[in-house]
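These are the residues of each chain, in order.
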Amino acid sequence: MSSMVSDATSRAASPRRSLPDEVVDGARARGAGASWRQLVLLLPVGAMLVVGLVGLDRRSMWRDEAASLVAADRSLAELWAMLAQLETVHALYYTFLHAWMQLGSGVVWARVPSVLAMAVAAGLVGVLGARLASVRVGLVAGLLFVANPSTSFYAQEARSTAMIVAVALLATWLLLRAEARAGRRAAGWWVGYAVAGAVLVALNLLAVLVPLTHLLTLLWWRRPRSALLSWGLAVLPALAVAGTLALMTRSQPFQVGWIPAPGPATVRDFVHLVLGPTVPLMALVAVLVLLGVLPVAAARSRLTAVALPLLVAPFVALVAASFVQPIFVARYVFPSVPAAALLAAAGVDRVGTWLAGRLAARPDGRASGRRLATGAPALVAALAVALVALGGLGTQRAERTPSSRPDDLAGAAAVVAAGARSGDAVLFLPDNRRLVALVYPASFARTHDVALSEGPVQAHNLTGRPLPLASVEANLAGSPRVWVVGRPGLAVLPSETVARSELAVLDHDFVPVETPDPHGVGITLYVRRSGTP
């Protein structure tokens, strides 16, 4: 009797001993698997936060960022009055940024949402890779995405690109969850997918291409008609938002009117975006992508069916449309970047698996060789990520300088602030260059704008309402010195007739005496000719 009590007490004190060894081992394996699944999300997120926050203050901003800050600085009523006739495609982003700027100020604070959104995108790349292939593929894909210089470039801008890619990847993840279920179990996921698609298109009209590429994925997988019907119903909100935005922006052709026709530069920009900025880096990533796509086994994989359409279809669609109306800009197809990272990660995994097989097949069969074969995939993965990161390091550094963007507005404002005298005039050619004065007003405090009739807030736009040419001439007549701010070399387009006329007046009555050269901005100080009234 005492023996039975002793046994019972022993079992109660050590309950695990009553479990079979295989059950205990399985529990441990599941625990390890859960840890790796957390790592595949958290490591890319953490890496992206570090990369995105380092050098976030470039000591300047460029015109697109200036437009974001000028818009967000208005009251909601003023902002929506502008969005009714201008920048309608950015309505959701500008409204969000307005709310965000109530919590802080300055261009660095305005860039923080992009860093956070890109960190979410990096984590989703890892999660998608793990779901579509393996944890190792997901981890490598997330880190390759972070290491691409294009990723940190857009993570450090006060624009909507980072949010777009985050929502695009979220929609892709929701699609995978929905299509893996049937009936009522899938309904909630399809609703989430529909909401994500609508938000995605509201952030960028052209992002409607992302849910359309998902149809190619479903067709690749040969999903039944019920799945295609569910996708069709779920994509209707995105199409409705796209149609509404298209109708509202018909009278705003200048939103895309500046985009050049497609040419060799179009392909170059896309290749730099998805593969990298230097030839060695492009070659390395291209080989990895091909290794992930070309073999027959990989071509049938779930990962390829998701990533390849997302990599290729938006680019092909926008280039084709650009032969009718130029519409391709590299950042419009930024969701192709995580697609390339996923395919490259599959290529890395293929190399690691091949190397492990070769090492395991060595005839000596030593224990050290077997250990090396087991660790080969991880070593190859680490080496690939390190090579991509090192290959883009120089570009990463350059991206954190004012010269990395099309123009340096802080540098231009500093030139005027250093040389302006009280009573100097300022003229912006064309008038959208007035953004520099709107975001750095202190630098223009000693000047007066001779061509402004009504401020941007009152005019419900970003540049204000210009005076007629006769009034500008009259204002210039009383100005001995005029600062002219425009494109490099004060280049004026043939369509900018008002700016050309104002420049002709300057050339007739004034002499250029000083031409500083801040990056991407033309600034010339004009002084009245002697003897002219």
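Computed from a predicted model, the values in this text were never measured in an experiment.

Thresholds applied
All residue numbers here refer to positions counted from 1 along the written sequence of the relevant chain. Reporting of local features is limited, given that this is a predicted model, to residues whose pLDDT is at least 70; pairs of side-chain atoms are given and counted only at 80 or more, and all residues count toward the totals for whole chains, interfaces and linings. To get the side-chain values, all heavy atoms of the structure are used, and hydrogens and water are removed first. To qualify as a helix, a DSSP run of H or I must reach at least 4 residues; to qualify as a strand, a run of E must reach at least 2; elements of each kind are numbered from the N terminus. To estimate the expected span of a helix, subtract one from its residue number and multiply by 1.5 Å. Burial status follows relative accessibility: with a 1.4 Å probe on protein chains alone, a residue under 20% of its type maximum counts as buried, one over 50% as exposed, and anything between as partly exposed. Here a residue-residue contact requires only that any non-hydrogen atoms of the pair lie within 4.5 Å. A pair of strands is treated as paired once DSSP finds two or more bridges between them. Only C-alpha atoms enter the line fits that serve as axes; for helices the fit covers just the stretch in contact. Angles between N-to-C directions range over 0 to 180 degrees. As a per-residue quantity, pLDDT reports the predictor's confidence and falls between 0 and 100.

Asks: Can you break down helix H10 (residues 184-203) residue by residue, with the values?
Replies: The terminal C-alpha atoms of H10 lie 30 Å apart, and with 20 residues this matches the ideal 28 Å at 1.5 Å per residue to within 8%. Those residues of H10 that fall on the buried side of the exposure criterion are Ala 186, Trp 190, Tyr 193, Ala 194, Ala 196, Gly 197, Ala 198, Leu 200, Val 201 and Leu 203. For H10, the elements touching its buried residues are helix H5 (91-100), helix H9 (161-179), helix H11 (209-220) and helix H12 (225-248).

Asks: How would you sum up the environment of Ala 410? Please name residues and give values.
Replies: Structurally, Ala 410 is set in helix H20 (residues 409-419). Through-space distance from the C-alpha of Ala 410 to that of Val 439 is 8.9 Å; in sequence the pair is 29 residues apart. Ignoring any residue separated from it by four or fewer positions in sequence, one finds Ala 410 in contact with Arg 59, Ser 60, Met 61 and Tyr 440.

Asks: Tell me about the environment of Leu 236, and please be specific about residues and values.
Replies: Structurally, Leu 236 can be placed in helix H12. Owing to a relative accessible area of 47%, Leu 236 belongs among the partly exposed residues under this scheme.

Asks: Residue-level account of the sheet that holds strand E2 (residues 447-449), with values.
Replies: Strands sit in the order E2-E1-E5-E7-E6 across an open sheet of five strands; the sheet is mixed. Single-partner strands in this sheet number two, and they are E2 and strand E6 (510-514). Looking at each pair of strands side by side, their axes are set apart by 35 degrees on average, direction ignored. The sheet contact formed by E6 and strand E7 (residues 522-528) spans four bridges and is antiparallel. Pairing of Pro 512 across the sheet is with Tyr 526, part of E7. On the sheet, helix H24 (residues 497-509) packs against strand E1 (424-429), strand E5 (481-486), E6 and E7 and is oriented at approximately 140 degrees with respect to E1.

Asks: Go over the confidence of the model for the protein, please, and point to the residues and values.
Replies: Of the residues in the protein, 89% reach a pLDDT of 70 or more, and the chain-wide mean stands at 89. Across the protein, H5 holds the top mean pLDDT of 98, while helix H1 (residues 2-13) sits lowest at 43. Low pLDDT (under 50) marks residues 1-32, which in the prediction has three contacts with non-local residues, meaning those over four places away or in another chain.

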